[in-house]
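Below are the chains, spelled out letter by letter.
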Amino acid sequence: MEQIVGYCPGCGSGYDEGSKFCVRCGAAIPQNVSPEAATTTEASSTAEPASARDASASGAGSTVRSVYQRYATIDASGGFLTTVGPVLIWSGAVGVLIWAIIGLISLRFDIGAIIDLESLLLSMLILVGIVLSTAVNYYLIHRFRERTGQLWDALSYLPFIWGALISVGLLIMILQVWTDFAWGPDDLRRAMFSLIGVGLCGTYGGYLALVDVGMTRIYRIVQGTLYPLLVLIAVEILDAIWLGSRGRSGQEMMDSFAAALGTAVSVVIVYSIVAALMSQARARKTRTFVLVAYVVLGLVGFTSAVGILWDDLPAGAMRFIHGGIVLVSIATIGLLLVRYLRRIPIPTATDENTDANPQPDRNLES
C-alpha cells in the first residue's frame, strides 16, 4: 500500500508518491516538491485539520462552479446540447441586455424616427439564428472528424458549406427586413431563400448522418431513405422559389417560408414529447411495443398532415415541402428514440418484465 506523501492543494485529499493528479478533484499535483517539503505539508495538514477542511470546501466550491460553467462553455465533445446550449444562453443574454438598454433609451428620447423597433427585434433574432446555425455546424464538423475513414473525412467539410449558405442568406434577410422586402431585385430575394433552405436541408442531413442506430437493417434502411428525401425537399424549395413564386412579393415569399418553418417546429415539439414519454420503457417486450406504437402514431400524424395540406394548399412544390418536413421530422425523432433505447440496459430474460438485473439489449444493439 502506497504511503501518503502530501495533500492536494485543491481539496486537501492525501496523494501517494508519484501521483500527478488528485484522484478526488482532478487537480494537478506539483512535481517539484522535495520530500522534506512534502513531510512538512503532511505534518501541517495533520496539525491543522481546519485548513484541510477549508481546502476541501474550496475544492467543493470549484466543483459547483464547474457544474454551472458547463452551461456557459461550448464543448463539442460533450454532445449536441453542450454545443448549442451555451450559444443560446449567451446570445439570449446579450439580446435581452441590448433590448433592455434600447427600451430604456426609448423611454427617455423619441427614437421612433431613427430606429424601427420591430425591424430591430427581427434583426436580433436573425443574428441569433446565424450564431445558432454556426454552432450547430461547428458541432457537426467536430463529430465528423472524430470518425475514421475517408468518407467521414470528406463529409467533415460539408458543414462549412451549409453554415456559410445559411449565414449569407440570413445576412441578406436583415437588409430585406429593414426595407420591407423591397431592397434589390427579386432574384436577390429568391437567392436568399434558396441559400437558407438548401443550407438547412444540408445541416439536417449532416445531423441525421450522426444518428447511430447500430447495424440493425430496418433502422439503417429508414436512415438511408431519408437522405434522398432531403435532397428532393431541397430541389422542391428551389422549384417553389424560382418557378412557383413569379409575381409574388418578398413578404409573401417570407410568409410561405415561415409557414414551412412553423410546420417543422410544431412536428418536432409534438413528437419529441411523444418520444420522451416512450423512452421510459425498460423491458424488451415493452420496447418493441413502444417502437411499433411510435410507427403507428407517426403514420397517423403524417396522414393527418396530408389531409390538412390537401385542403389548405394547392398541389405543388409547397405542399410537397410541408409533407416532406413532417415525414423527415417524425422519422428522425424515431431514429433518435431507437438510439436512446439501445444505450439503456434492459432486464434479463427471467425478469424482462421488471426493472431488475439490467443487461444490454441484444436485439437493439448492433
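Just above, that's the structure.
Here the structure is a predicted model, which means the values were calculated and not measured.

Colleague: Please clarify how the environment of A260 should be interpreted in this entry.
Modeller: Tracing the sequence through the fold places A260 in helix 9 (residues 250-278). With relative accessibility at 11%, the residue A260 sits in the buried group. In this structure, the C-alpha to C-alpha distance between A260 and H322, residues 62 residues apart in sequence, is 5.9 Å. Discounting residues that sit within four places of it in the chain, A260 has contacts with I321, H322 and I325.

Colleague: So what exactly am I meant to see when it comes to the packing of helix 7 (residues 186-209) against helix 11 (residues 317-343) here?
Modeller: Relative placement of two packed helices is described by the angle separating their axes and the distance separating the axes. Two elements in contact, helix 7 and helix 11, have axes whose closest approach is 11 Å; the angle formed by their N-to-C orientations is 25°. Here helix 7 is positioned roughly parallel relative to helix 11, judged by the angle of their axes. Here helix 7 and helix 11 pass one another in a crossing that is left-handed. Between helix 7 and helix 11, the residues in contact are Y204, Y207 and L208 and V328, S329, T332, L335 and L336, respectively. Partitioned by chemical class, the residues of the contact of helix 7 with helix 11 number 6 nonpolar, 2 polar and no charged.

Colleague: Would you mind going over the side chain of S119 with me for this structure?
Modeller: Here S119 lies in helix 4 (residues 117-146). Here the side chain of S119 touches D116 through a polar contact of 2.9 Å, side chain to side chain. Setting aside anything within four residues of it in sequence, one finds S119 in contact with V177 and W178.

Colleague: What is the right way to read the packing of aromatic side chains from this model?
Modeller: Centre-to-centre distance and the angle between the planes together describe a pair of aromatic rings. Applying the stated criterion to the full structure yields 6 aromatic pairs. Aromatic pair Y157 and F160: ring centres 6.5 Å apart, planes at 35°, arrangement tilted. Of the residues examined, Y157 reaches a relative accessible area of 48% and is grouped as partly exposed. We classify F160 as partly exposed; its relative accessible area is 45%. Between Y271 and Y294 the ring centres are 5.9 Å apart and the planes differ by 80°, which places this aromatic pair in the edge-to-face class. In this pair, Y271 is assigned in helix 9 and Y294 in helix 10 (residues 284-312), connecting sequence segments 23 residues apart. Judged by relative accessible area, Y271 falls into the buried class, the value being 9%. Residue classification places Y294 among the buried positions, given a relative accessible area of 6%. An aromatic cluster of at least three residues, connected via ring pairs, comprises F80, Y139 and Y207. Here the basic side chain of R145 rests over the ring of Y157, its NZ or CZ set 5.4 Å away from the ring centre. Between R147 and the ring centre of W152, over which it is positioned, the NZ or CZ distance is 4.6 Å.

Colleague: What should I look at first to understand the pattern of salt bridges in this one?
Modeller: In a structure, side chains of opposite charge can pair up when their charged atoms sit close to one another. A complete count under the given rule lists 3 salt bridges for this structure. Between D186 and R189 there is a salt bridge, with its nearest N and O atoms 2.5 Å apart. A residue pair is termed a helical-turn pair when its members lie 3 or 4 positions apart in one helix, as D186 and R189 do in helix 7 at 3 residues. In this structure D186 comes out as partly exposed when scored by relative accessible area, which is 39%.

Colleague: Can you walk me through the side chain of T83 in this structure?
Modeller: As for its position among the elements, T83 is in helix 3 (residues 80-108). The residues touching T83, leaving out its near neighbours within four places in the chain, are I74, D75, A76, A135, Y138 and Y139.

Colleague: Quick question: what am I supposed to make of unusual backbone geometry here?
Modeller: Positive phi, close to 55°, is recorded for D180, a residue that is not glycine. Considering the arrangement of structural elements, one finds D180 in the loop between helix 6 (158-178) and helix 7. Of note in this structure, F181 is not a glycine but carries a positive phi near 55°. Locating F181 in the fold gives a position in the loop between helix 6 and helix 7. For F181, a relative accessible area of 9% puts it in the buried group.

Colleague: Any chance you could explain a nonpolar patch on the surface here in plain terms?
Modeller: A cluster of nonpolar side chains, W99, L117, L121, L122 and L125, forms an exposed patch at the surface whose accessible area comes to about 420 Å². With 4 residues, helix 4 is the largest single contributor of residues to the nonpolar patch. Checked against the element boundaries, W99 lands in helix 3. W99 sits in the partly exposed class, given a relative accessible area of 32%.

Colleague: Looking at this structure, I do not really get the nonpolar core. What am I missing?
Modeller: Soluble globular proteins: nonpolar side chains tend toward being buried together. Membership of the largest hydrophobic core comes to 51 residues, with the highest contact counts inside it found for M173, Y294 and L337. Those elements that provide at least two residues to this core are helix 4, helix 6, helix 7, helix 8 (217-242), helix 9, helix 10 and helix 11. With 12 residues, the single largest contributor to this core is helix 11. Discounting residues that sit within four places of it in the chain, M173 has contacts with I126, M192, F193, I196 and M254. Judged by nonpolar contacts, the second largest core, of 5 residues, contains Y139, L140, F144 and A209.

Rules used throughout
Residues numbered from 1 in each chain as written. Predicted model: local features only at pLDDT ≥ 70, side-chain atom pairs only at ≥ 80, totals over all residues. Heavy atoms only, no water. Helix = DSSP H or I, 4+ residues; strand = E, 2+ residues; numbered from the N terminus. Buried < 20%, exposed > 50% of the residue type's maximum accessible area, 1.4 Å probe, protein only. Contact = heavy atoms within 4.5 Å. Axes fitted to C-alpha atoms, helices over the stretch in contact; angles between N-to-C directions. Parallel < 35°, antiparallel > 145°, perpendicular 65-115°, else oblique. Left-handed = near helix turned anticlockwise from the far one by under 90°. Nonpolar A, V, L, I, M, F, W, Y, C, P; charged D, E, K, R; others polar. Polar contact = N/O pair within 3.5 Å; in protein donor to acceptor, adjacent residues only side chain to side chain. Phe/Tyr/Trp six-rings, centres within 6.5 Å; stacked < 30°, edge-to-face > 60°. Lys NZ or Arg CZ within 6 Å of the ring centre and 35° of its normal. Salt bridge = Lys/Arg side-chain N within 4 Å of Asp/Glu carboxyl O. Patch = residues over 30% accessible without salt bridge, like charges linked within 9 Å, V, L, I, M, F, W, Y side chains within 5 Å. Areas by Shrake-Rupley, 256 points an atom, 1.4 Å probe, with all protein chains shown as cover. Core = buried A, V, L, I, M, F, W, Y, C linked by side-chain atoms within 4.5 Å.

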